[in-house]
Amino acid sequence: MSDQEDDDDKSSSMEEEEELVTTAPSLYQRPSYYRQTRKGKIIKTVQERYLRDDLGFGNYFWDPLQARRRKGAETTVGKPKAIDTVEQLVSLMQGTVKSDAGDATTQPLVLLVCDTNVLLHNLDVLIQALTGDGAPGGLTLVLPQTALQECRAQHMTLYDQAVELLRSVGGTQQAHYCGIFFPDQHHVETQISTTNTTTTTSMNDINDARLRLVAEYFGKHLQRNNNSSNSTRVIFLSDDQDSRRKAKMEQPTDKPYYEALNVKQFVGQLEKANPGLSLMDYVANYGTTQSQSPHDSTTTTTKHYFPAHLPADEVSRGVKAGRFHRGVFRSIDTFVEKGTDQMGVVTIRKGDERVAITIPGWQPRNRAMDGDVVAVALLPVEEWLPMSSSDNTNTTKTKPSSAGISQETAEPTHSELANVPDTFQDAAQTLRPTGKVVGILRRHTNLYSGSLWEPHNSSNTIAEHLPQLKDWQQEHADGSTTCIFLPVDAKVPPLLIRTTQRDRWIGQRLVVTLDSWPALSPLPCGHYTKTLGKIGDKSVETQVLLLQHHIPHEAFPASVLACLPPADYDLQQDFQATQDKDRRVDLRHLPILSIDPPGCTDIDDALHCYKMDNGNFQVGVHIADVGHYVKAGTAMDLEAANRATSTYLVDRRLDMLPSLLSTDLCSLRANVDRFAFSVLWEVTPDAQIVNVDFQKTLIHSIAALTYQEAQTMIDMPDTPENRKDKQVAAVKGLAQLARLFAKRRIDAGALTLASPEVKFVFDSESLNPTDVKAYAMLEANDLVMEFMLLANVTVGKKILRHYPTLSVLRRHPAPSRARFDDLISKAKSRGFELTIEDSKQLADSLDAAVIESDPYFNKLLRICATRCLSPAQYFCSGEYRPTEWHHYGLAAPVYTHFTSPIRRYADVCVHRLLAAAIGVAPLPSQMSSKSYMHDQTANMNRRNRGAQNAGRSSIQLHTVIFFGEGAKEEEAYVLDVETATDSEPSVRVIVPRYGIEGQVKLPIKAGDPRLIRGEHRISVEGSATIRVFDKVKVRIWVKVSPDHQRELILDLLEPSFGSESSGKNTEPEGDSDDETAPAKKKRKTT
């Protein structure tokens, strides 16, 4: 070949390459779009994106053919594999056909492309259609990157579920599907050109158009594939009517590339092709239930139950201009008590300050649900509510007829939980500002547990608030029924759900998701998610109470577990590597020991005490150094901050931290080295503190004692042999000092309060309770509590000196006189005077209220006094004046929580503050924000209250199971006497042995002329008299209502009013769930 010919060939080749380059799509884009700001300005946004032409048809995480060869294998996570050709795609789709469906090469195949709304509102449908029992097979799911990213921005939990659906590799016959991730934002064939269009101006429009292009891309290529004998359908699944309309306009009419269906249409086709399939109950309900009475079929009028929400752009402008305010709606009443008068509250920000706005009733609430982010408009000052004395008492709460476990303290207000004021003082009176909801900015997706309402058998009081409830439960021509779902959470109103399985769900606990609350609907609309099981079953009711009190109980995600130390972690090597940085001191030579309940595994504190050469004692409180393993800002730290506390149920513990930390590396177990954060005092024999030091330490506990073992050592005689024993000497020295510290606290005005705590004895096989006993308190309990209090006070003072506006403290406000008025009157009726001007006078008057013949009377009075107090709350020191930091119950001017970081996030924060105060580590940047600390403490208060309520509900559940085995007769004390003239004669009693209380009806009618009512007393002429604090005898039994609910009932046996109690015991069904029952965690601090 000549040189000329060679040059010609090169020239020709270069021309061909240039032609290919000019005709090929560009792999670099700078798309732009316009958006309008809140102030009305038009902003042009430009993105830089690099495209790829080698992405094929995305990636899949599950090989169905391989999984079939591993039937019965555990579910695992697959690695992503690219789908390069349409033949590979068809092969994967054929693999989804069930083996019992015949030849896989001839079965119809369906490929679903989902938009964002489907993931946000109908992910349950996809999960059931693809992986549920009776899943038809033959389905391939495509989740575009755009849909996943939009879902992630709006709801992280649903995003995690969607990703898990893609990644799961199942070896069971139910998992006949293929999940494909498609990177549409970087795929060269699914890009939107915005230069020649005037309609796709917003990012939302662009994303919708790109999702339709994904469906078109798959449809085109599958149509061109002639090598498959299967009939294939590509379905674009969207509940956006406008997007479906555009999908039809953008395709050829003679042979469209894909179908555009909403979820309800798709499910209908799927159920028609598979008669045994039932998915319609999972479809989100957007308010399609009829708002008119089903008996009025001729009416055409449309009734609006609520005012319309303002348009989003108007709300946005109003928030920016200050006419509206953004905040989170919280219910403060229960629907069961208040009905449509149920009130709520929204905390708003005014500059750097926060204030709680009361939402007075359903109309101003305007369909907001607890946790929703809403926009509110303040009502005129003339419509603000006056603050009455009843707002400071808990006497307005209705008293349930059934018996149960009562709260230890008064119910905290939203203002107390959120650390925000809810009143303003004008010249004449104190007012509570009120407002109305004008728009819902973001729905809080909650799962609600409960059961279906049965109009003929229900014993609940819901119908009293909604007389037309029966009319809203109606049957439809398609065989479905609109049912009334009653959530267990009393703050949540009933929900409307539409189902074809009503009869199957009667007597079952269900989980329902909220979908919408249209103005045309009297109640919110939702859809069925899953069935938990039979009402009354122990394991089922435990799941219910966790959902009811919003307790995080899911397994820790992989991102959190990735923060844990590796499997080959060596603490000694860690100590050597970090000793200088942490300035950690080796204290393994000290006689350190722990004192806890039997079986305790999350040991977060230990103590030591020995006599120094100068005659003083060195005392140390050593707390697990959780901060060494939980670094600020990590996934584990964020998870712990969200959970905020461990939750202790009767039969299980739900940890704030993974078990590797909570029960191993951070647990100060005996005979192993552990990292600790220590407070060391030098104390004189008369308990005067000479010096204090704070150190990061390495310790070695010599013993893990139980309370009883420690008590035995305390009771040992002071002999030379016992003084030589390190453990005995340490425990006796601690007990000696604890008595002196306790006396000094009480002399300063600290209260000795009481609560009717109980513990259960379980059957070894069924794990059902066989006995209930009062929780015994020993001096060893007081010993531990005293030094934990001392450590908390000492650390609180230290961090406050260094961070006066950022410290996490715990305050306990003085009670209002109104809360104590009733108890003062009751005590006076029995000859005792209670003085509450300060905690010292209250403590002294409680000490003096003693009846020699009845030792329980004093404890009963202390229980009642505790219920007049608000619970202590976490707060950021910069939000209150120093005079408001006081802890009333402990008579301490400054108090915090430092001693339980394994189970409380507040203590983790305090550890970081203390580490920064002593120069060991810098304070995390986010903790320098007072706003951030406010949000953290508000969440701590909310989670802590939820955990307490869940624990009490668990005790209530096991108490009902215990008494379901047979009625018991027991002594009780009268707490309250119903003296209102028109009320049914009754008394409220507490049963000390079981810690339960309830209302006891007397066998006489309100209008009986023999009935005599007096102050805190009631009697029948010629018969018995009952006074407050009297001892009576009751029978305790379980009543099973027609709607399958079980409740404790108390009947009066003594004194007799000349009539026998008519209650009859109803035996509940047995229960034998295989669950563990760890010991109840000690309560060390207030």
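The paragraphs below set out a description of the structure included in this document. (Residues numbered from 1 in each chain as written. Predicted model: local features only at pLDDT ≥ 70, side-chain atom pairs only at ≥ 80, totals over all residues. Heavy atoms only, no water.)

**So, the overall build of the protein**
Quick note on the threshold: In this text, helices come from DSSP runs of H or I with a minimum length of four residues, and strands from runs of E with a minimum of two, each type numbered from the N-terminal end. Burial status follows relative accessibility: with a 1.4 Å probe on protein chains alone, a residue under 20% of its type maximum counts as buried, one over 50% as exposed, and anything between as partly exposed. Contacts are assigned to residue pairs with any non-hydrogen atoms lying within 4.5 Å of each other. To be clear on the numbers: accessible area is Shrake-Rupley with a 1.4 Å probe, and residue cover counts the displayed protein chains and nothing else.
Regarding its fold elements, the protein presents 31 helices and 48 strands. The buried share of the protein, reckoned over its 1086 residues, is 53%. Contacts in the protein between residues far apart in sequence, at least 24 positions, make up 71% of those at least 6 positions apart. With an accessible surface of roughly 48700 Å², the protein has 49% of that area assigned to carbon and sulfur atoms.

**Some thoughts on empty space enclosed by the protein**
Just so we agree on the cut-off: In this analysis a 1.4 Å probe is tested at points of a 1 Å grid over the protein atoms alone, and where it fits but cannot get out there is a cavity; an open set with protein on both sides within 12 Å along at least five of seven lines is a pocket; lining residues have an atom within 4 Å of a point. Grid points are joined across faces, edges and corners, and a volume is the space filled by probe spheres set on the points. Amino acid classes used here: Ala, Val, Leu, Ile, Met, Phe, Trp, Tyr, Cys and Pro are nonpolar; Asp, Glu, Lys and Arg are charged; the rest, including Gly, are polar.
According to the stated counting rule, one finds six cavities of 30 Å³ or more in the structure shown. Put simply, the second largest cavity is a space of about 70 Å³. Lining the second largest cavity, in full, are His550, Ile551, Pro552, Arg643, Thr645, Thr647, Leu654, Asp655 and Arg943. When grouped by side-chain class, the residues that make up the lining of the second largest cavity number three nonpolar, three polar and three charged.

**A look at the environment of leucine 778**
Looking at where leucine 778 falls in the secondary structure, it is placed in the loop between strand E38 (769-774) and helix H26 (779-802). The exposure class of leucine 778 is partly exposed, given its relative accessible area of 24%. Residues leucine 778 and tyrosine 707, 71 residues apart in the sequence, show an inter-C-alpha distance of 7.3 Å. When near neighbours in sequence (up to four residues on either side) are disregarded, leucine 778 contacts Tyr707, Gln708 and Gln711.

**Some words on the nonpolar core**
Inclusion rule: As used in this record, nonpolar core signifies buried Ala, Val, Leu, Ile, Met, Phe, Trp, Tyr and Cys residues forming a set joined through side-chain atoms within 4.5 Å.
Counting 96 residues, the largest nonpolar core has Val619, Leu737, Leu783, Phe787 and Phe898 as its most contacted members. In this structure phenylalanine 787 touches Leu607, Val619, Val621, Trp681, Leu734, Leu737, Ala738 and Phe741, once residues within four positions along its chain are discounted. Core analysis: the second largest hydrophobic core is formed by 86 residues, Met93, Ala129, Cys178 and Val283 among them.

**Some thoughts on the environment of asparagine 671**
As for its position among the elements, asparagine 671 is in the loop between helix H22 (659-665) and strand E34 (673-683). Taking the C-alpha atoms as reference, asparagine 671 lies 9.7 Å from leucine 593; in sequence the two are 78 residues apart. Setting aside residues no more than four positions away along its own chain, asparagine 671 makes contact with His700, Ser701 and Ile702.

**Remarks on the environment of alanine 356**
Mapped onto the secondary structure, alanine 356 falls in strand E16 (residues 353-359). By relative accessible area, which is 0% here, alanine 356 ends up buried. A C-alpha to C-alpha distance of 7.9 Å links alanine 356 and threonine 423, two positions 67 residues apart in sequence. Sequence-distant contacts of alanine 356, that is, excluding residues within four places in its chain, are made with Val345, Val346, Thr347, His414, Val420, Pro421, Asp422 and Pro433.

**Some thoughts on the sheet that holds strand E45 (residues 1017-1020)**
The line we're drawing: Here, strands pair whenever DSSP counts at least two bridges between them. Axis definition: a line fit to C-alpha positions, over the contact stretch in the case of helices; interaxial angles, taken between N-to-C directions, run 0 to 180 degrees.
Judged by pairing direction, the sheet is antiparallel, and its three strands sit side by side in the order E44-E45-E46 without closing on themselves. Because the sheet does not close on itself, it has two edges, and the strands there are strand E44 (1011-1014) and strand E46 (1025-1027). Direction aside, neighbouring strands of the sheet carry axes that sit 10° apart on average.

**Description of the pairing of E16**
Of all seven residues making up E16, six are buried, and the element is well covered by its neighbours. Note: strand E15 (residues 344-350) against E16, seven bridges, orientation antiparallel. In the sheet register, isoleucine 348 faces E16, and the bridge partner there is valine 355.

**Description of the packing of aromatic side chains**
The cut-off we apply is this: A pair of aromatic rings is counted whenever rings of Phe, Tyr or Trp (Trp by its six-membered ring) have centres within 6.5 Å, and the orientation is called stacked for planes under 30 degrees apart, edge-to-face for over 60 and tilted otherwise. Placement of a charge over a ring requires the Lys NZ or Arg CZ to be within 6 Å of the ring centre, with the centre-to-atom vector within 35 degrees of the ring normal.
Scanning the model with the defined rule gives 22 aromatic pairs in all. Relative to tyrosine 629, the ring of tyrosine 569 lies with its centre 5.9 Å away and its plane at 75°, an arrangement referred to as edge-to-face. On the criterion of sequence distance, the pair formed by tyrosine 569 in the loop between helix H19 (558-561) and helix H20 (571-582) and tyrosine 629 in the loop between strand E31 (617-624) and helix H21 (635-643) is long-range, its members being 60 residues apart. Between phenylalanine 875 and tyrosine 880 the ring centres are 5.4 Å apart and the planes differ by 85°, which places this aromatic pair in the edge-to-face class. By the burial criterion, phenylalanine 875 is buried, and tyrosine 880 matches it. Chaining the aromatic ring pairs together yields one cluster made of Phe57, Phe182, Tyr217 and Phe218. Over the aromatic face of tyrosine 159 sits the side chain of arginine 152, whose NZ or CZ is 5.6 Å from the ring centroid. The side chain of arginine 811 reaches across the aromatic face of tyrosine 880, ending 4.2 Å from its centre.

**Notes on the sheet that holds strand E18 (residues 385-386)**
Read from one edge of the open sheet, three strands run E18-E20-E19, paired in antiparallel fashion. Across the chains shown, the open sheet's two edge strands, defined by having one partner strand only, are E18 and strand E19 (424-425).

**Some thoughts on helix H29 (residues 856-867)**
Heads up, the rule is: Take the number of residues in a helix, subtract one, and multiply by 1.5 Å to get its expected span.
The end-to-end C-alpha distance of H29, which contains twelve residues, comes to 17 Å, matching closely the 16 Å that a straight helix rising 1.5 Å per residue would cover. In terms of burial, H29 is largely enclosed, as eleven of its twelve residues are buried. Of all the residues in H29, the buried ones are Tyr856, Phe857, Asn858, Leu860, Leu861, Arg862, Ile863, Cys864, Ala865, Thr866 and Arg867. In this structure, the buried residues of H29 make contact with helix H27 (817-829), helix H28 (839-848), strand E41 (968-977), strand E42 (986-991) and strand E43 (996-1001).

**Notes on helix H23 (residues 707-715)**
For the record, the criterion: By arc we mean the arc of the directions from the helix axis to the C-beta atoms, nothing more.
Among all positions of H23, only Tyr707, Ala710, Gln711, Met713 and Ile714 are buried. Along the axis of H23, the buried positions cluster into a sector of 160°, meaning they face one direction only. Residues of H23 that are buried sit in contact with strand E29 (593-596), strand E36 (703-706), helix H25 (726-747) and H26.

**Looking at unusual backbone geometry**
Excluding glycine, most residues fall at negative phi; most peptide bonds, likewise, are trans. Proline 1055 follows glutamate 1054 through a cis peptide bond whose omega is 0°. Not every positive phi belongs to a glycine, and alanine 644 is a case in point at roughly 70°. When you line up the elements, alanine 644 lands in the loop between H21 and strand E32 (647-648). Assessed through its relative accessible area of 6%, alanine 644 is described here as buried. The residue histidine 1016 is not glycine, and still its phi comes out positive at about 60°. Summarising the element assignment, histidine 1016 is placed in the loop between E44 and E45. Taking the relative accessible area as the measure of exposure, histidine 1016 reaches 11% and is therefore buried.

**Re the packing of helix H6 (residues 145-154) against helix H7 (residues 156-167)**
Closest axis-to-axis distance for the H6/H7 pair is 6 Å, and the angle between their directions is 145°. Counting all contacts with H6, which are made through Leu148, Cys151, Arg152 and Gln154, the residues of H7 involved are Met156, Leu158, Tyr159, Ala162 and Leu166. Class assignment of the residues belonging to the contact of H6 with H7 gives a composition of seven nonpolar, one polar and one charged.

**Structural notes on the side chain of glutamine 936**
Along the chain, glutamine 936 turns up in helix H31 (residues 930-963). With a relative accessible area of 13%, glutamine 936 lands in the buried category. Ignoring any residue separated from it by four or fewer positions in sequence, one finds glutamine 936 in contact with Ala641 and Tyr905.

**Looking at the pattern of salt bridges**
In plain terms, the rule: Every case where a carboxyl oxygen of Asp or Glu lies within 4 Å of a side-chain nitrogen of Lys or Arg is listed as a salt bridge.
Summed over the entire model, instances satisfying the criterion amount to 48 salt bridges. Close ionic contact of arginine 653 with aspartate 655 constitutes a salt bridge, the shortest N to O distance being 2.6 Å. Measuring nitrogen to oxygen at the nearest pair gives 3.7 Å for the salt bridge that ties arginine 993 to glutamate 970. You can see arginine 993 sitting in the loop between E42 and E43 and its partner glutamate 970 sitting in strand E41, a full 23 residues away along the chain. By relative accessible area, arginine 993 is classed as partly exposed at 36%. Classification of glutamate 970 as buried rests on a relative accessible area of 19%.

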